[in-house]
Amino acid sequence: MCIFRGKNLNPILMKQYCGLNVHKDSVFMCIINESGVVKEQQFTTLTSDLLELHNQLTMYDVYEVVMESASIYWIPIWRVLVDDFDLKLVNPLFIKQLPGRKTDVRDAHWIALVLMKGLVYGSYVPGPQIQELRQYERRYSALNKRKVHTEQCIDMQLQCCNIRFSNYISDIGSQAMRKVVRSIIEGITDPDELVKCAHTRTKNKHGTHVIRESLNGVVSQVDQDMLALYMEELSLYESQQEKCLLKMVELCKESYEEEITLLCSIPGIKTQSAMTILAELGNNLSAFKTASNLIGWAGLRPRNDESAGKIKSRKTLHGNKFLRVILVQCAWANTRSRSSRLGHKYALLVQRMAPQKALVAIARKLLVIIWNVLTYKEPYRA
């Protein structure tokens, strides 16, 4: 649907710029050049309309296109246009207009205008293979959260039965807990039988009598059915996680075996962690000219919030949360490695700051090592 007239200025003679205002059901296109607006048009997000958008951009000899990163709605448009145009994905915060009367058409015009004036820089978007790897990795991460939630639901169901076994173990998803749950599902509720499922170390620590009493509860048929449903749900999540992990291993062996080997040379990083880091960073870090740029993108750089000589905040910036989680985990493992120098650094930092802040500082240093390893294609040397 064309909502504004195009100008008959033979636009092919000068360089054209396009801004796309992306929504869930619609895309507003504005093509401009130095003479003003060339064409404004609205499209739906159906594939046929996106192909028509592609044809319009080709017809008007547009090469540079910019769009806002609106949730996941930019992804199908990116896939249609990425092969033939110079696409830029930008954070909406960086191209926010001045206050005033706001419409979708004006938004698209403003986006195209800031592109023409060279005021925007595209966000980092990895290649298609890395995006595939990232989908498996993020699905694995989401499944892990659901697994934890289901384990908590199992524990809550047991608490309702007055079975307090989780009070005496460190992990509610442990094998001992699962053995207890499976026994209850099968109809075994005698605490003398259930106590056999507990690990010997647990019984030695708290006493067999205490563990037996913690397994003495009142279990109904409804409780058994609920526990069975939760265990089925847990099994489904674990099965899907295995499939995601296998797909990640296949992709990495096919295309990124060298990068995985380089990352695994760093203490604290094993194969699965290396695949997660690679999925978030990609194998080509040329978009980050320095390690400092990468640290800022990851959100591990302390903010500079100071006024009148007083420090207001040193919290880290917003960034890639998936990357930060795995880096902190690897940093913790790194500080426990005997072959790592960062363990000594962590011990010094803990003397003057909270352990959590010290761990984030180690994660930041670990990211610098990762940038150097992947940029220069050389294994880490302690």
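Fair warning: this is a prediction, and the values are worked out from it, not measured in the lab.

1. Side note on the overall build of the protein
Check the secondary structure of the protein and you find 15 helices and eight strands. Relative to the 2.2 N^0.38 estimate, which gives 21 Å for 382 residues, the radius of gyration of the protein is 27 Å and therefore markedly larger than a compact globule would have. In terms of overall dimensions, the protein has C-alpha extents of about 90 × 50 × 50 Å along its principal axes. Out of the 382 residues belonging to the protein, those deemed buried represent 42%. In the protein, the proportion of contacts linking residues at least 24 apart, taken out of those at least 6 apart, comes to 61%. When the accessible surface of the protein is summed, it comes to about 21,600 Å², and 52% of that surface belongs to carbon and sulfur atoms. Placing the 50 positive and 38 negative side-chain charges of the protein at their respective mean positions leaves the two points 10 Å apart.

2. Side note on the nonpolar core
Counting residues in each nonpolar core, the largest one holds 45 residues, and the members touching the most others are Leu-263, Ile-277, Leu-327 and Ile-370. Looking at this core, the elements that each hand over two or more residues are helix H4 (128–160), helix H9 (221–255), helix H10 (257–264), helix H11 (271–281), helix H12 (291–298), helix H13 (321–335), helix H14 (342–350) and helix H15 (355–376). At twelve residues, the largest contribution of residues to this core is made by H15. Among all residues touching Ile-277, those that are not within four sequence positions of it are Leu-263, Ile-269, Gly-282, Leu-323, Ile-326, Leu-327, Cys-330 and Ile-370.

3. Some remarks on the confidence of the model for the protein
For the protein, per-residue confidence averages 89 on the pLDDT scale, and residues scoring 70 or more make up 92% of the total. No element of the protein has a lower mean pLDDT than strand E1 (residues 2–4), at 43, and none a higher one than H9, at 96. Low pLDDT, under 50, characterises residues 1–9; the predicted model gives this stretch 19 contacts beyond four residues in sequence or across chains.

4. Notes on the packing of aromatic side chains
Enumeration over the complete set of coordinates arrives at six aromatic pairs. Site record: aromatic cluster; members linked through ring pairs are Tyr-124, Phe-288 and Trp-297. The lysine or arginine in question, Arg-336, covers the ring of Trp-332, its NZ or CZ lying 4.0 Å from the ring centre.

5. Considering the pattern of salt bridges
Taken as a whole and judged by the stated rule, the model has 13 salt bridges. The salt bridge partner of Lys-15 is Glu-64, with a shortest N-O separation of 3.0 Å. With Lys-15 in the loop between E1 and strand E2 (16–22) and Glu-64 in strand E5 (residues 62–68), the pair connects residues that are 49 residues apart, well separated along the chain. Glu-64 is paired through a salt bridge with Lys-88; the nearest N and O atoms lie 3.5 Å apart. Note that Glu-64 is positioned in strand E5 and Lys-88 in strand E6 (residues 86–90), a separation of 24 residues in sequence. Among the residues examined, Lys-88 registers a relative accessible area of 19% and is labelled buried. Through salt bridges with shared partners, a single ionic network connects Lys-15, Glu-64, Asp-86 and Lys-88.

6. What to know about the environment of Asp-223
Counting through the fold element by element, Asp-223 comes out in helix H9. Here the alpha-carbon distance between Asp-223 and Leu-158, two residues 65 residues apart in the chain, equals 8.0 Å. Excluding its chain neighbours within four sequence positions, the residues that come into contact with Asp-223 are Gln-157, Cys-161 and Val-218.

7. Here's the deal with the state of the cysteines
Summed over all chains, the structure comprises zero disulfides. Looking at the unpaired Cys-244, the closest cysteine sulfur is the one in Cys-252, lying at 13 Å. The thiol of Cys-264 is not disulfide-bonded; the next cysteine sulfur, from Cys-330, is found 9.6 Å away. Relative accessible area serves as the criterion here: at 29%, Cys-264 is assigned to the partly exposed category.

8. Some words on the pairing of strand E4 (residues 36–44)
As paired elements, strand E3 (residues 26–33) and E4 share eight bridges and run antiparallel to each other. Note that in E4 the partner of Ser-26 across the bridge is Thr-44. Connecting the antiparallel pair E3 and E4 is a turn made up of two residues.

9. What to know about unusual backbone geometry
Of note in the backbone geometry, Asp-61 takes a positive phi value of approximately 60 degrees without being a glycine. Structurally, Asp-61 can be placed in the loop between helix H1 (47–59) and E5. If you check the backbone angles, Ser-71 has positive phi at about 50 degrees while not being a glycine. Tracing the chain through its elements places Ser-71 in the loop between E5 and helix H2 (74–81).

10. Things to note about the packing of helix H5 (residues 175–185) against H9
Where H5 meets H9, the closest approach of the two axes is 9 Å, and the angle between their N-to-C directions is 135 degrees. On the basis of the axis angle, H5 is oblique to H9. The handedness of the crossing between H5 and H9 is left-handed. Facing Arg-178, Val-181, Arg-182, Ile-184 and Ile-185 of H5, the residues of H9 in contact are Gln-224, Leu-227, Ala-228, Met-231, Leu-234 and Glu-238. Its residues assigned to classes, the contact of H5 with H9 shows seven nonpolar, one polar and three charged.

About the criteria used
Residues numbered from 1 in each chain as written. Predicted model: local features only at pLDDT ≥ 70, side-chain atom pairs only at ≥ 80, totals over all residues. Heavy atoms only, no water. Helix = DSSP H or I, 4+ residues; strand = E, 2+ residues; numbered from the N terminus. Rg over C-alpha atoms; globule rule 2.2 N^0.38 Å. Buried < 20%, exposed > 50% of the residue type's maximum accessible area, 1.4 Å probe, protein only. Contact = heavy atoms within 4.5 Å. Areas by Shrake-Rupley, 256 points an atom, 1.4 Å probe, with all protein chains shown as cover. Lys, Arg positive; Asp, Glu negative; His and termini not counted. Charge placed at Lys NZ, Arg CZ, Asp CG, Glu CD. Core = buried A, V, L, I, M, F, W, Y, C linked by side-chain atoms within 4.5 Å. pLDDT = per-residue confidence, 0-100. Phe/Tyr/Trp six-rings, centres within 6.5 Å; stacked < 30°, edge-to-face > 60°. Lys NZ or Arg CZ within 6 Å of the ring centre and 35° of its normal. Salt bridge = Lys/Arg side-chain N within 4 Å of Asp/Glu carboxyl O. Disulfide = S-S within 2.5 Å. Pairing = 2+ DSSP bridges. Axes fitted to C-alpha atoms, helices over the stretch in contact; angles between N-to-C directions. Parallel < 35°, antiparallel > 145°, perpendicular 65-115°, else oblique. Left-handed = near helix turned anticlockwise from the far one by under 90°. Nonpolar A, V, L, I, M, F, W, Y, C, P; charged D, E, K, R; others polar.

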